[in-house]
Structures are given as structure tokens and as C-alpha cells.
Amino acid sequence: MNLAIIGAGRIAQVHAAAAGRDPRIVVRYVSDIRNDAAEKLAAPHGATVVAIDTVFEDQAVDAVLIASSTATHAEFLERAARAGKAVLCEKPIALDIERTRAAVDTINANPVACALGFNRRHDTQFDALKCALGEGRIGDLETLTIISRDPAPPPIEYVKGSGGLFYDMMIHDFDTARWLFDEPVSTVSAFGSVQVDSAIGEAGDVDTAMVTLVTESGRLCHIQNSRRAVYGYDQRIEAFGSRGMLQAVNETETRLRETTEAGQTDEPPKHFYLERYGAAYASELGDLYDAWVDDSQPKATHEDGYQALRLAAAATQSLREGRVVAMDEIG
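Rules used throughout
- Residues numbered from 1 in each chain as written.
- Predicted model: local features only at pLDDT ≥ 70, side-chain atom pairs only at ≥ 80, totals over all residues.
- Heavy atoms only, no water.
- Buried < 20%, exposed > 50% of the residue type's maximum accessible area, 1.4 Å probe, protein only.
- Helix = DSSP H or I, 4+ residues; strand = E, 2+ residues; numbered from the N terminus.
- Contact = heavy atoms within 4.5 Å.
- Pairing = 2+ DSSP bridges.
- Axes fitted to C-alpha atoms, helices over the stretch in contact; angles between N-to-C directions.
- Phe/Tyr/Trp six-rings, centres within 6.5 Å; stacked < 30°, edge-to-face > 60°.
- Lys NZ or Arg CZ within 6 Å of the ring centre and 35° of its normal.
- Salt bridge = Lys/Arg side-chain N within 4 Å of Asp/Glu carboxyl O.
- Polar contact = N/O pair within 3.5 Å; in protein donor to acceptor, adjacent residues only side chain to side chain.
- Core = buried A, V, L, I, M, F, W, Y, C linked by side-chain atoms within 4.5 Å.
- 1 Å grid on protein atoms, 1.4 Å probe; cavity = no way out; pocket = protein on both sides within 12 Å on 5 of 7 lines; lining within 4 Å.
- Points joined across faces, edges and corners; volume = space filled by probe spheres on them.
- Nonpolar A, V, L, I, M, F, W, Y, C, P; charged D, E, K, R; others polar.
- Right-handed = clockwise from strand over helix to strand, strands pointing away.

### Thoughts on helix α4 (residues 70-82)
Those residues of α4 that fall on the buried side of the exposure criterion are Thr 72, His 73, Ala 74, Phe 76, Leu 77, Glu 78, Ala 80 and Ala 81. Looking at the buried residues of α4, the elements they touch are β1 (2-6), α3 (52-57), β4 (63-66), β5 (86-89), α5 (97-109) and β6 (114-116). One or two positions beyond α4, positive phi appears at Gly 84, with a value near 75°.

Spelled out as C-alpha cells, the structure:
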């Protein structure tokens, strides 16, 4: 599969490294508004730096990986679909529901394998939890608790352009909840505050949030996010059912536990998403490759991107208005 990468920032570097380890994938082109960054990313892969139009016009390109700024995602998704190229796009598609829906409609009108960068679906532990639910190992799923805490807040300039915590950070957890429940959410209640960095509040965002989702059948999901966890990258899930409980726990470097007369010590969680989800990024690309070969759809599609964005919009509205928001209020 000849792959073109749009963007040359940190997440593009992660994807490029994953592509370089997959013998089925060749990084053919890199395109970025910063030519020096594009050259740096392209060099280890023997790729060529090109203008953006070449990515969509060259018939030798089989797939496009969109890792550019969020404001460009929808346009590039549409161009990839119209050009008949498979595509993996980082989340979100856009920060606006109408613009996101328009991009989704374009992809549906020009069917291609389209994957959204919801890497939690590709995590080994989370996928095992999903499979266990499907096998009925804890009976009927009743409640979910999803915890996601970053080790430290991002730069404030990033926050200002991110769309906010619900669109940038919790959108992964919204997708995870939808994936595990496999049932539409009916209402969203959100609470948030600024407890970590006052500059985030001055930018109009929160750094600490809790959201409750209620599905159409009355099942509950509680999501916790924080921009600060001094012990590392905190990523956990608890699924409670009629016959038991499933837990996905934090990953450590070796999972070594030391027990002595002084007590018991565990290793800290892996420090950040690059370490925690490194294998998941490789799985994402492999999933795209399989969908391209089999003419099928990846684990997380453009429609999943749209639905997760709707939940982010509902949470934002709930926090702003201080009330429960029904999903039928959201476009």
C-alpha cells in the first residue's frame, strides 16, 4: 500500500514510524506547510516531499494519512474520498457538527475505506475487554467507568486551538463508551472546573471534567478526565455487569511488582500516550491496510467520528447551560 502522509508534527511521526515497521506499507509522500519538517519526516522512509495536490492527484497513492491541523481534516477527507483513496484521519474530523456531517456525507457518496484515529479500539487490553463483553462473561453490561488523565497539561497555545477538553481529550472516551455499549446514548450530563492550570480557564476551557452518559436502555457510563496525573498516564476502564466485573488497568514497563518487608511496590504507569498506545498506532495502520485489501470498513469509521463529536458537543452544551442535554437536541 503506497501511503501519503499529510502533516509532519508529532502524531505524524508516530504514524510514520508505525508504517515503517509494516512491510506491507510504503511511505511514498509527505506533505506539510513546513517544508523543513516534511523533509525531516520523509528522509528516514525514502519518501518524497510534495505539494498537497500531488497527494490526491497521483494515482499511485493508495491511501492517505491525515495528521495535519484539525481545521484541515474535513477538506482532506473529502478530497481523499473523491480521489478514491483509503484514508486514516486523526480525530476530530472538524470542531463543527455541520461541517463534520458534510464530510461524512461526502465519504458515503464516494465509498472508501475510512478510519478515524480512535486508538483505544486497537489497544490489546481494551479489545480483550470488548471481546469479553461480547462473550457475555459478566452477563449484561450495566455500568461503565472510564478514566483518562494526562500526566501534565498541554501547551496553552495547543489548548486554544483544540476545541476544548471534550473535543480534544474526552472524545476518545466518548468513542470508547459507544464502542463498548454498542447502543445509542440518550442523554449527557457534564461537569467541569479549572484545578490544574489557570491559563486553561482563561482560554475558556476546563482541565478537570466528569461526564455521565445514559443509553437508551438506561445503562450508565461515568467518564473522568484530568489534565494532570503526577504519577503518569492514567488509562483505566471498569465494566460492571449482572454477573461480575471486567477491568482494564494501567500499563507499566514490565508489570513487575516488588514485595518486601517494607511493603508492596508497583511500577508507575507508562508516562504518556506515545508509550501507552504505541502498539495501537501500528494496529490502526494494519487495520486500514486490511480494510483496503478486503474492501471493508475499519474498526472506527467516519460515522464513529461524527457520533463521538455529537457527544462532545452535547457535553459542551451541558457544561455551559448547567443541565442534562438530550442527544436528539444535537444535530
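### Focus: the sheet that holds strand β10 (residues 220-226)
Think of a sheet as strands paired side by side through backbone hydrogen bonds, with each pair either parallel or antiparallel. Across the sheet, which stays open at both edges, the seven strands sit in the order β12-β11-β7-β10-β9-β8-β15 with mixed pairing between neighbours. Taken across any chain shown, the strands that pair with only one partner, and hence form the sheet edges, are β12 (244-248) and β15 (325-326). Of the strand pairs in this sheet, strand β11 (residues 234-241) and β12 are connected by five bridges, and their pairing is antiparallel. Looking at β12, one finds that Glu 238 is bridged to Gln 247. This element, helix α6 (residues 124-134), spans β7 (141-149), β11 and β12 of the sheet and lies at about 160° to β12. Across the sheet, helix α9 (residues 171-181) touches β7, β9 (208-215), β10 and β11, and the angle it forms with β7 is around 155°.

### Some details on the packing of aromatic side chains
The tally for this structure, following the rule as stated, stands at seven aromatic pairs. Between Phe 56 and Phe 76, the ring centres sit 6.0 Å apart and the planes meet at 35°, which makes this aromatic pair tilted. Taken together, the residues Phe 56 in helix α3 and Phe 76 in helix α4 connect sequence positions 20 residues apart. Grouping aromatic residues by their ring pairs yields a cluster made of Phe 126, Tyr 233, Phe 272, Tyr 273, Tyr 277 and Tyr 281. Taking the ring centre of Tyr 306 as reference, the NZ or CZ of Arg 101 above it sits at 4.5 Å. Above the face of the Phe 126 ring, Arg 276 is positioned so that its terminal group lies 5.4 Å from the ring centre.

### Details of the pattern of salt bridges
Once their charged atoms are close, side chains differing in charge can pair, the charge on each being opposite to the other. Under the defined criterion, the tally for this structure stands at 25 salt bridges. For Arg 219, the salt bridge identified is with Glu 183, shortest N-O distance 2.7 Å. Residue Arg 219 is located in the loop between β9 and β10, and its partner Glu 183 is located in the loop between α9 and β8 (185-193); the two are separated by 36 residues in the primary sequence. Here the salt bridges do not stand alone but share partners, grouping Lys 91, Asp 150, Asp 168 and Arg 227 into one network.

### So, the side chain of Arg 219
Judged by its relative accessible area of 18%, Arg 219 falls in the buried class. Here Phe 181 takes part through its backbone oxygen, which lies 2.8 Å from a polar atom of the side chain of Arg 219. Leave out the neighbours within four places in its chain, and Arg 219 touches Leu 141, Glu 142, Phe 181, Glu 183, Leu 213 and Val 214.

### As for the sheet that holds strand β2 (residues 26-31)
Pairing within the open sheet is parallel, and its six strands lie in the order β3-β2-β1-β4-β5-β6. The sheet is open, and its two borders are formed by β3 (48-49) and β6, each paired with just one other strand. Here β4 runs beside β5; their pairing, made up of four bridges, is parallel. Counterpart to Leu 65 in the pairing with β5 is Leu 88.

### Re the nonpolar core
With 105 residues, the main nonpolar core has Val 64, Phe 166, Phe 174, Val 188, Val 211 and Leu 213 as its most contacted residues. Looking at this core, the element that brings in the most residues is helix α13 (residues 302-321), giving eight residues. For Val 211, the contacting residues outside a window of four places in its chain are Phe 166, Met 170, Phe 174, Val 188, Ser 189, Ala 190, Cys 221, His 222, Ile 223 and Ala 315.

### Overview of empty space enclosed by the protein
Taken as a whole and assessed by the stated rule, the structure comprises two cavities of 30 Å³ or more. In terms of lining residues, the largest cavity is bounded by Arg 120, Phe 126, Ile 146, Ile 147, Ser 148, Asp 173, Thr 176, Gln 235, Arg 236, Ile 237 and Tyr 277. The set of elements that each furnish at least two residues to the lining of the largest cavity consists of β7, α9 and β11. When grouped by side-chain class, the residues that make up the lining of the largest cavity number five nonpolar, three polar and three charged. Roughly 40 Å³ of volume is contained in the second largest cavity. Along the walls of the second largest cavity sit Leu 88, Ala 115, Leu 116, His 122, Glu 284, Asp 287, Pro 298, Lys 299 and Ala 300, which together make up its complete lining. Of all the elements in the fold, those that place two or more residues in the lining of the second largest cavity are β6 and α12 (278-294).

### A few points about the pairing of β2
Alignment of β1 against β2, held across five bridges, turns out to be parallel. Pairing of Ala 4 across the sheet is with Tyr 29, part of β2. In the classification by handedness, the crossover that spans β2, the intervening helix α2 (residues 35-42) and the parallel β3 is right-handed.

### A few points about the layout of surface pockets
Here the largest pocket is characterised by a volume of approximately 1,300 Å³. If you trace the largest pocket, you find 47 residues lining it, with Ile 11, Ser 68, Thr 70, Tyr 158 and Asp 168 closest to the centre. Elements supplying a minimum of two residues to the lining of the largest pocket: α1 (10-20), α4, α7 (156-162) and α8 (165-168). Residue contributions to the lining of the largest pocket peak at five residues, all from α4.

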